Structure formats: C-alpha cells, structure tokens
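Below, each chain spelled out in residue letters.
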Amino acid sequence: DAKTTQPPSMDCAEGRAANLPCNHSTISGNEYVYWYRQIHSQGPQYIIHGLKNNETNEMASLIITEDRKSSTLILPHATLRDTAVYYCIAPPPNAGNNRKLIWGLGTSLAVNP
Amino acid sequence: DTGVSQDPRHKITKRGQNVTFRCDPISEHNRLYWYRQTLGQGPEFLTYFQNEAQLEKSRLLSDRFSAERPKGSFSTLEIQRTEQGDSAMYLCASSQSTSGIYNEQFFGPGTRLTVL
C-alpha cells in the first residue's frame, strides 16, 4: 500500500498560513494525492487532490514536488475553524477502481488566537 | 440538506445485542463506502458498494458484520452479537464514479456505537 507520513501535530497562529507537509515516497505514477480534514466529532471533509501540478481551490492550495514524493497543503489564512485533523491520502497501487481510501493518523492542526 | 445522512447518530447497546445502522448517500452517487474509526485513529475501510453490488469487503469485516444496499440507494450495516471491541464511530461515504478519474468521497456525520 502507498503510505503517507505526516507530523502528528502542528500549531498555527490565526490569520497566518498553515503549511502541512506529507511524505508519500511510495506513491505510484498515476495515483492522486488527496487531502481531507476532520473536525472534532464530525465526518471527514474533502479538501483537495492533485496528481502532478499544483492545485488551488477555495479552501486550500496543494504543492506537489516534482518527484511526487511529497506534498504540502497550504491554508493561506488559517482561522480557528480550521482546527482539525488533516489527512494526506495516497490510494494503494492495487486500489483498482473502487477508490477506497487508506488513512493514516493525520496531522492535528491547532489554530491559536 | 442533500448531504450524506446517517441514523442513528449515537447507539449504546449491551454486549451480545444486534445493532443496525443506516446510511442515505447523496442521491445521484452510485458508490457507497463504510469505514470504522476508533479514537485517535484514522478511518479504516470496511466495505464498498457500486450501486447494489458489494464489490469489496475488508478483512476487518468479520462474519458478525453484514452490509446491504438493496436498491442501490440507502445502505444498512448490521453488527450481530456485538462485542466491546466494536465500539467505534461508523462512517458512511458516497461518491459518483467517473471512469479513470477519482471523485471525492462525501462523508456523513457518523454513528457512534458504544458497547457496554
């Protein structure tokens, strides 16, 4: 299975950018990297995904290294409501067409006032 | 609200009892997933449906667990003879398949099961 490595926790000041790193050195060439977050006691929420190019949407930006072995999720102006566990996910090469998600422990981001 | 819904949100049961959870996916989504999450861990894949067909089951899904999606719409997850180790959050997600392209999974709020 493609595995991801994330720091267990990070802190960020409100209004500043939060940069969350992820290593996925075993990702195969045609698999996307996905980011979800989970606010306490809620179901996970999709944030963004990417393959090779950097991606941006209304929630975040995703920077993927050229060798695709790591990526960084950027929340440009973190708010208190961004406090959550952030999961970086790379589906296993044998995920087939079902697209099940294999979750690690994620990064617990605390946004401080 | 047209998101994924789950019922009940909380369930407390005694060991040995049977429980059933329901998931209503987003109406146009043909894929439905069940995950289990214990405290401090990420969700673990349990099973997956495409329309009414159950296409994959995790080894985590013992013979006490059964899931159905009879008409390709809502799904149920039943746990028979519950054990204390079954205590967890059970999450349902749905997505719309598009050939060759991954689509995001939309999650429900989960059902928190406590087995006493």
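Asker: Looking at this structure, how should I read the sheet that holds strand S1 (residues 5-7) of chain B?
Answerer: Backbone-to-backbone hydrogen bonds pair the strands of a sheet. The strands run either parallel or antiparallel. Residues and elements named next belong to chain B. Spatial ordering of the open sheet is given by S1-S3-S8-S7, a layout of four strands whose pairing is antiparallel. The open sheet terminates on both sides in strands that have one partner only, identified here as S1 and strand S7 (65-68). Taken over all neighbouring pairs, the strand axes of this sheet differ in orientation by 15° on average, direction set aside. Sheet topology note: the strand S3 (residues 19-24)/strand S8 (residues 75-79) ladder contains five bridges and is antiparallel. What sits directly across from Phe21, in S8, is Leu77.

Asker: Is there a simple way to think about the interface of chain A and chain B in this case?
Answerer: Many analyses report the size of an interface as the accessible area lost when the parts associate. Opposite the 18 residues of chain A that make contact, chain B presents 19 residues. Linking chain A to chain B there are zero salt bridges. Where the side of chain A that touches chain B is concerned, the elements lending two or more residues are strand S3 (33-38) and strand S4 (45-50) of chain A. Take the side of chain A that touches chain B: its biggest share by element is three residues, from S3 of chain A.

Asker: For this particular structure, what's the right way to read the nonpolar core?
Answerer: The tendency in soluble globular proteins is for nonpolar side chains to be buried side by side. Core analysis: the largest hydrophobic core is formed by 21 residues, its most contacted members being Leu20, Trp35, Leu73, Leu75, Tyr86 and Leu109 of chain A. Those elements that provide at least two residues to this core are strand S2 (18-23), S3, S4, strand S6 (61-64), strand S7 (70-75), strand S8 (84-89) and strand S9 (107-112) of chain A. Membership of the second largest hydrophobic core comes to 19 residues, among which are Val19, Trp34, Phe65 and Tyr90 of chain B.

Asker: Explain the pairing of S9 of chain A to me, please; I cannot follow it from the model alone.
Answerer: Within a regular strand, side chains alternate between the sheet's two faces. All names here are of chain A. Of the two faces of S9, the one lined by Thr107, Leu109 and Val111 is fully buried and the one lined by Ser108, Ala110 and Asn112 carries no buried residue. Relative to S9, S8 runs antiparallel, the two being bridged by three bridges. Its bridge partner being in S9, Tyr86 is matched across the sheet by Thr107.

Asker: What should I look at first to understand the environment of Glu83 of chain B in this one?
Answerer: All names here are of chain B. With respect to the helices and strands, the residue Glu83 is situated in the loop between S8 and strand S9 (88-95). A residue is classified by how much of its surface remains accessible, and Glu83, at 40% relative accessible area, is partly exposed. Residues Glu83 and Lys14, spaced 69 residues apart in sequence, show a C-alpha to C-alpha distance of 8.3 Å. A polar atom in the side chain of Glu83 sits 3.4 Å from the side chain of Arg64.

Asker: Help me out: how do you make sense of the confidence of the model for chain A in this one?
Answerer: Per-residue pLDDT for chain A averages 89, and the proportion of residues at 70 or more is 91%. Summarising per-element confidence for chain A, the mean pLDDT is lowest in S4 of chain A (93) and highest in S9 of chain A (97).

Asker: It is not clear to me how unusual backbone geometry should be interpreted in this structure. Could you clarify?
Answerer: Glycine aside, residues mostly have negative phi angles, and peptide bonds mostly take the trans form. The omega torsion across Asp7 of chain B and Pro8 of chain B is -5°, close enough to zero to call that bond cis. Relative to the helices and strands, Pro8 of chain B resides in the loop between S1 and strand S2 (10-13). Within the chain, Arg68 of chain A stands out as a residue other than glycine whose phi angle is a positive 65°. Along the chain, the position of Arg68 of chain A falls in the loop between S6 and S7. Taking relative accessible area as the criterion, Arg68 of chain A reaches 7% and is therefore assigned buried. At Arg81 of chain B, a position not held by glycine, the phi torsion is positive, near 50°.

Asker: Just checking my understanding: could you explain the packing of aromatic side chains for this structure?
Answerer: The relative placement of two aromatic rings is captured by the distance of their centres and the angle of their planes. Scanning the model with the defined rule gives twelve aromatic pairs over all chains in all. Judged by centre distance (6.1 Å) and plane angle (35°), the rings of Tyr32 of chain A and Tyr34 of chain A are tilted. Assessed through its relative accessible area of 22%, Tyr32 of chain A is described here as partly exposed. Judged by centre distance (5.9 Å) and plane angle (85°), the ring pair of Tyr36 of chain A and Phe107 of chain B falls under edge-to-face. Taken together, the residues span two chains, with Tyr36 of chain A in strand S3 and Phe107 of chain B in strand S10 (residues 106-107). Judged by relative accessible area, which is 11%, Phe107 of chain B ranks as buried. Each member of the aromatic cluster is reached from another via a ring pair, and the members are Tyr36, Tyr46, Tyr87 and Trp103 of chain A together with Tyr33, Tyr35, Phe45, Tyr48 and Phe107 of chain B. Taking the ring centre of Phe74 of chain B as reference, the NZ or CZ of Arg22 of chain B above it sits at 3.9 Å.

The rules we used
Each chain has its residues counted from 1, running along the sequence as written. Here every chain gets a letter starting at A, and every ligand a number starting at 1, in the order they are written. Residue-level local features of this predicted model are given only where pLDDT is at least 70; pairs of side-chain atoms are given and counted only at 80 or more, and the full residue set underlies all totals for whole chains, interfaces and linings. With hydrogens and water excluded, all non-hydrogen atoms of the structure serve as input to the side-chain values. Strand pairing is assigned whenever DSSP detects at least two bridges linking the two strands. Helix numbering and strand numbering both begin at the N terminus, where a helix is a DSSP run of H or I of at least 4 residues and a strand a DSSP run of E of at least 2. Note on geometry: axes are lines fitted to C-alpha atoms, helical ones only across the stretch in contact, with angles between N-to-C directions running from 0 to 180 degrees. In this description, contact between two residues means that some pair of their heavy atoms is separated by no more than 4.5 Å. By convention in these notes, a salt bridge is any Lys or Arg side-chain nitrogen within 4 Å of a carboxyl oxygen on Asp or Glu. In this text, buried Ala, Val, Leu, Ile, Met, Phe, Trp, Tyr and Cys residues form a nonpolar core when linked through side-chain atoms within 4.5 Å. Under the scheme applied here, a residue whose accessible area is under 20% of the maximum for its type counts as buried, over 50% as exposed, and between as partly exposed, the area being computed with a 1.4 Å probe on protein chains only. Under this definition, polar contacts are N or O atom pairs within 3.5 Å; protein pairs additionally need one hydrogen-donor-capable and one acceptor-capable atom, and for neighbouring residues in sequence, both atoms have to be side-chain atoms. Confidence scores per residue from the predictor, reported as pLDDT, run from 0 to 100. Working definition: a ring pair exists when centres of Phe, Tyr or Trp rings (six-membered ring for Trp) sit within 6.5 Å. Plane angles under 30 degrees give stacked, over 60 give edge-to-face, the rest tilted. Any Lys NZ or Arg CZ that is within 6 Å of a ring centre and within 35 degrees of that ring's normal is treated as a charge sitting over the ring.

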